[in-house]
Amino acid sequence: MFKNLESAPAGTTVATDAALATLPFDRDGLIAAVTQQFDTGEVLMLAWMNRAALEETLATGRACYWSRSRKALWRKGETSGCSQTVKEVRLDCDGDAVLLLVDQLDGACHTGRRSCFYHRIDNERLVVLSAPPHRDGGVQ
């Protein structure tokens with residue numbers, strides 16, 4: 001389906017169920033989900049979604065992912081309070097990645113940092129760009 005949409009004009013529509021049915025989830029039933037702050041474009045995190053997580057996100061407007069370590073749905077902010085209100089969901093050109101444009105409340109990273117991408121490779125060294133906030137524990 002996505003190959004057919006490559007030459008489609010703007011405004012072409014496809015039913016959501018039909019689009020979801022063609023997503024190439026991997027052998028574990030997962031698809032990569034990149035999360036960005038909707039108004040600044042800041043990349044906050046990369047996580048994984050299964051079909052149930054994607055459907056819940058679409059239905060509720062709150063980010064839901066699949067936790068590979070816990071093997072369970074992970075509703076962002078459910079325990080930490082650092083929630084993500086979904087403003088828009090996009091799929092890439094071949095449908096193998098999801099982009100969530102969200103409004104992030106507090107840190108997106110389990111360390112409490114605003115973004116999970118706080119390491120920069122600078123020539124031959126890795127540089128930590130931001131310190132974790134002063135609080136007990138991380139963010140889930």
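Attention here is on the structure that accompanies the text. (Residues numbered from 1 in each chain as written. Predicted model: local features only at pLDDT ≥ 70, side-chain atom pairs only at ≥ 80, totals over all residues. Heavy atoms only, no water.)

1. What about the pattern of salt bridges?
Moving on, step 1. A full pass over the atoms with the stated rule returns six salt bridges.
Moving on, step 2. Here Glu-42 and Arg-114 are joined by a salt bridge, their closest N and O atoms 3.2 Å apart. Separated by 72 residues along the polypeptide, Glu-42 in the loop between β1 (31–37) and β2 (43–49) and Arg-114 in the loop between β6 (97–104) and β7 (119–122) bring together distant segments of the chain.
Moving on, step 3. The partner of Asp-122 in a salt bridge is Arg-120, with the nearest N and O atoms 3.6 Å apart.
Moving on, step 4. Residue Asp-122 is classed as partly exposed on the basis of its relative accessible area of 31%. (Salt bridge = Lys/Arg side-chain N within 4 Å of Asp/Glu carboxyl O. Helix = DSSP H or I, 4+ residues; strand = E, 2+ residues; numbered from the N terminus. Buried < 20%, exposed > 50% of the residue type's maximum accessible area, 1.4 Å probe, protein only.)

2. Some words on the sheet that holds strand β5 (residues 84–91)
Moving on, step 1. The strand order β2-β1-β6-β5 describes an open sheet built from four strands, whose pairing is mixed. Of all the strands in the sheet, the pair left with one neighbour each is β2 and β5. When strand polarity is set aside, the average angle formed by the axes of neighbouring strands in this sheet is 25°.
Moving on, step 2. In this structure, β1 lies alongside β2, joined through six bridges in antiparallel fashion. When the bridges of β2 are listed, Val-34 appears paired with Leu-46. (Pairing = 2+ DSSP bridges. Axes fitted to C-alpha atoms, helices over the stretch in contact; angles between N-to-C directions.)

3. Focus: the pairing of strand β3 (residues 64–67)
On a regular strand, one side chain projects to one face of the sheet and the next to the other, so that they alternate.
Moving on, step 1. Examined bridge by bridge, β3 and strand β4 (residues 72–75) share four bridges and lie antiparallel to one another. Looking at β4, one finds that Cys-64 is bridged to Arg-75.
Moving on, step 2. Counting the residues in the hairpin turn of β3 and β4 gives four residues, including Lys-71, whose phi is positive at 55°.

4. Observations regarding the nonpolar core
For soluble globular proteins, nonpolar side chains are generally found buried alongside one another.
Moving on, step 1. Counting residues in each nonpolar core, the largest one holds 20 residues, and the members touching the most others are Leu-23, Met-45, Met-49, Leu-54, Tyr-65, Val-98 and Leu-100.
Moving on, step 2. Among the secondary structure elements, those contributing two or more residues to this core are β1, β2, α3 (51–60), β3 and β6.
Moving on, step 3. Leu-54 has contacts with Leu-20, Leu-23, Met-49, Val-89 and Val-98, leaving out every residue within four places of it along the chain. (Core = buried A, V, L, I, M, F, W, Y, C linked by side-chain atoms within 4.5 Å. Contact = heavy atoms within 4.5 Å.)

5. With respect to α3
Moving on, step 1. Residues of α3 that are buried: Ala-53, Leu-54 and Thr-57. The buried side chains of α3 occupy one side of the element, clustering within an arc of 100° when seen end-on.
Moving on, step 2. Those residues of α3 that are buried are in contact with α2 (16–21), β2, β3, β4, β5 and β6.
Moving on, step 3. You can read the cap of α3 off the contacts: a side-chain oxygen lies 3.3 Å from the backbone nitrogen of Ala-52, and it is on Asn-50.
Moving on, step 4. At the C-terminal side of α3, Gly-61 shows a positive phi close to 75°. (Arc of directions from axis to C-beta. Polar contact = N/O pair within 3.5 Å; in protein donor to acceptor, adjacent residues only side chain to side chain.)

6. So, the side chain of Arg-113
Moving on, step 1. Tracing the backbone shows Arg-113 in the loop between β6 and β7.
Moving on, step 2. Buried and without a salt bridge, Arg-113 has Glu-42 as its closest oppositely charged side chain, separated by 11 Å.
Moving on, step 3. For Arg-113, the side chain forms a polar contact with the main-chain oxygen of Ser-130, separated by 2.7 Å.
Moving on, step 4. Filtering out sequence-adjacent residues up to four positions away, Arg-113 remains in contact with Gly-107, Ala-108, Tyr-118, Val-128, Ser-130, Ala-131, Pro-132 and Pro-133. (Lys, Arg positive; Asp, Glu negative; His and termini not counted.)

7. Some thoughts on the layout of surface pockets
Moving on, step 1. When its volume is computed, the second largest pocket comes out at roughly 310 Å³.
Moving on, step 2. Taken together, 18 residues form the lining of the second largest pocket, with Phe-2, Leu-5, Val-14, Ala-19 and Leu-91 sitting closest to its centre.
Moving on, step 3. Broken down by secondary-structure element, the contributors of at least two residues to the lining of the second largest pocket are α1 (2–5), α2, α3 and β5.
Moving on, step 4. Considering only residue class, the lining of the second largest pocket consists of 13 nonpolar, four polar and one charged. (1 Å grid on protein atoms, 1.4 Å probe; cavity = no way out; pocket = protein on both sides within 12 Å on 5 of 7 lines; lining within 4 Å. Points joined across faces, edges and corners; volume = space filled by probe spheres on them. Nonpolar A, V, L, I, M, F, W, Y, C, P; charged D, E, K, R; others polar.)

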